[in-house]
Structure formats: C-alpha cells, structure tokens
Amino acid sequence: MTRHARNSTAGSVYTYHEKKRDAKASGYGSLSERFSKDSIKGFDCCSLTLQPCRNPVVSPDGYLFDKEAILEYYLAKKKEILRQQKEYERQNKREENEKNELKAAAHRSQVEKFIATEKGDSLPGSNPSTSSASLSNMSGNKAKDLPSFWVPAMTPDAKPIIIPKPSTDIYCPVSGKILKIKDLIDVKFTLAPKDDDERGKALISRQVRYMCPITRDILSNSVPCTILKPTGDVITTECFEKLIKKDMVHPLTGLKLKEKDIIPLQRGGTGFASVNDKLEATEARPSMMA
C-alpha cells in the first residue's frame, strides 16, 4: 500500500498528481487550470482596473467601468487615433510628392528627347557598346545609392509599409463594439446595512457591500443583476422578472420603462460551470508522440 502523500516515490502507482507535475516540468502537453476566486472579477468591479468602482458607469452591453478608468482609456485611444491620422497624412503627402516627381521626370525626358531629335543628336545611352548595364553597384546612377544590400529596406523584395486609413471609432475594451461617452450610464448601488463585525471597516474590505433596493436581497456574483437605465438602480434579475416585467413601471419612481431601459449586468464568475461560460485557462504546448 502506497503512502498517502503527494511526493510519495516508493509507490508502484503513477498517481495523477505525479503525472500532472511531470507534464508541467517537461514542457510538453497542454496545461489547463481552473480559475480560482482571486482570478475572477467581482460583479461591482471595474472591467479595466478589476477594483471596486468608486464612480461606476455601465456600457449598453452591461459591462461595468469606473468612470475615471474608462475616460482615461477613451482619451488614450483618441491620442492614438490622432497619431495614426498624422502618419496617414504624411504617407499621402509623400506619395503625392513621389507622383509629382515622376511626372516632372517624365516631362524632362520628353523635353530632352525632343531637343535631341531637333539637333539630330543621338540620345544618351543609345550606343549598344555604352548602354550595357554594369554589374557594379557604384557605376552610373547607382553611385548615389547606398551599397548596404544587407539592410532589410535595401533588399529587392522589401516593399514600403502602406498604412491603411485609421478608423475614428473607439471600441469597448471588453465587448469590442463601438463605444461612445454619451452611451455610458451612471450606476447607483444601494449600500447594504453593516453587521456588527463589519462596523468601522472600509467599503472595499466588506464582504457584503450592496443590496437590491426593492427586495433588499444581497448582491453578489452568484445573483444575476439588472440595471434600470432611467435611474441607474441595480436590482436582482429575479425582482425584475417577478415585480417589474409585467407592468414595466419603476417601483421606486413610477416611471414607465421600455425594453431598452433594461440592461443585464455582466457579472464575474461564481465557480460553477452551469453559471459561467469559461472557468478554465488553457496553455497550448507541443505534444510528444509515443
């Protein structure tokens, strides 16, 4: 009978733990690991900073952001688009100058050919004995070119990098859809009452932070939440299905709600495969065939 330990080396059985340990150390075979609680974003955390939001806003797709973080992201993307536009304009100007130079060179060639024809002289380079191209890279017009053939830009197959016209749209960092500042909606969380053990603690260190303002249910990753767009209140989806969906009236303000006013909040993981789509991270590595 083998010892009940992970590092047991006296047993005749190749245990599952030893197999996983050897596979990780060998560098072969794909590795997969289930996300832990620390790897999953909280339902009230920003999708960029992964920290609890101080000024929460939500996108039309239900992704929560801290207003400061999403504004910094938006401004950074604006600067990046402005830089790409300047590069694109410089490229267009450079191409236009090259076209003008080619037109001017073609015009000069026609003028020189006409003058030579009027004078009855032969064109330069028309003599077969002198028109043969030299193999030297320093003869004729090649003397002005750099002989550094090993530079990637000087190789025959090297082509200029063409910059496509940059898009002026800014996309959501999570959903990948077009994002506009005016579409962000302020979110209002209802604070849960403090227990005796949590008195004096900061909000970020509390386990129970928010609750549904209608049913007083505690909000967490395991509770589906819905945001009411007119007021920004965060309620449970069960509350919406049972109390609001039938009449579509806001129970706190009496406002008439529409379908577009209901935004499902994209929450983090719960640890249960039936709730979340993907709870495992996989790293593909080369496999060794027997």
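Only a predicted model underlies this, so the values are computations on that prediction, with no experimental measurement involved.

Here is what the cut-offs are and how they apply
- Residues numbered from 1 in each chain as written.
- Predicted model: local features only at pLDDT ≥ 70, side-chain atom pairs only at ≥ 80, totals over all residues.
- Heavy atoms only, no water.
- UniProt positions renumbered as here; feature names shortened; annotations may be inferred.
- Helix = DSSP H or I, 4+ residues; strand = E, 2+ residues; numbered from the N terminus.
- Pairing = 2+ DSSP bridges.
- Axes fitted to C-alpha atoms, helices over the stretch in contact; angles between N-to-C directions.
- Contact = heavy atoms within 4.5 Å.
- pLDDT = per-residue confidence, 0-100.
- Patch = residues over 30% accessible without salt bridge, like charges linked within 9 Å, V, L, I, M, F, W, Y side chains within 5 Å.
- Areas by Shrake-Rupley, 256 points an atom, 1.4 Å probe, with all protein chains shown as cover.
- Salt bridge = Lys/Arg side-chain N within 4 Å of Asp/Glu carboxyl O.
- Buried < 20%, exposed > 50% of the residue type's maximum accessible area, 1.4 Å probe, protein only.

Colleague: Please give an account of the UniProt feature "coiled-coil region" (unreviewed entry) in the chain that cites residues and values.
Modeller: The residues that UniProt annotates with the feature "coiled-coil region" (unreviewed entry) are residues 78-112. Secondary structure over residues 78-112 splits into 100% helix and 0% strand, and the C-alpha atoms at its two ends are 51 Å apart.

Colleague: Give me the lowdown on the sheet that holds strand β7 (residues 225-228), citing residues and values where you can.
Modeller: Strand order in the open sheet formed by three strands is β8-β7-β9, and the pairing between neighbours is antiparallel. Because the sheet does not close on itself, it has two edges, and the strands there are β8 (233-236) and β9 (262-264). This sheet shows a mean twist of 35° between the axes of neighbouring strands, independent of strand direction. Bridge count between β7 and β8: four bridges; the pairing is antiparallel. Across the sheet, residue Leu 228 finds its bridge partner in β8, namely Asp 233. Seen against the sheet, helix α4 (residues 237-244) touches β7, β8 and β9 and runs at an angle of roughly 85° to β8.

Colleague: Summarise the confidence of the model for the chain; cite the residues concerned and give the values.
Modeller: Overall, the prediction assigns the chain a mean pLDDT of 80, with 73% of residues at 70 or greater. By mean pLDDT, helix α3 (residues 128-131) is the weakest element of the chain at 47, and strand β2 (residues 56-58) is the strongest at 95.

Colleague: Lay out a nonpolar patch on the surface with the relevant residues and their values.
Modeller: A cluster of nonpolar side chains, Val 111, Phe 114 and Ile 115, forms an exposed patch at the surface whose accessible area comes to about 270 Å². In this fold, Ile 115 is placed in helix α2 (residues 67-119).

Colleague: Now, about the pairing of β7: what can you tell me, with residues and values included?
Modeller: Burial along β7 is two-sided: the face carrying Cys 225 and Ile 227 and the face carrying Thr 226 and Leu 228 are both buried. Between β7 and β8, which pair antiparallel in sequence order, lie four residues; one of them, Gly 232, sits at a positive phi of approximately 80°. Pairing analysis gives three bridges linking β7 to β9, with the strands arranged antiparallel. If you follow Thr 226 over to β9, its bridge partner there is Pro 264.

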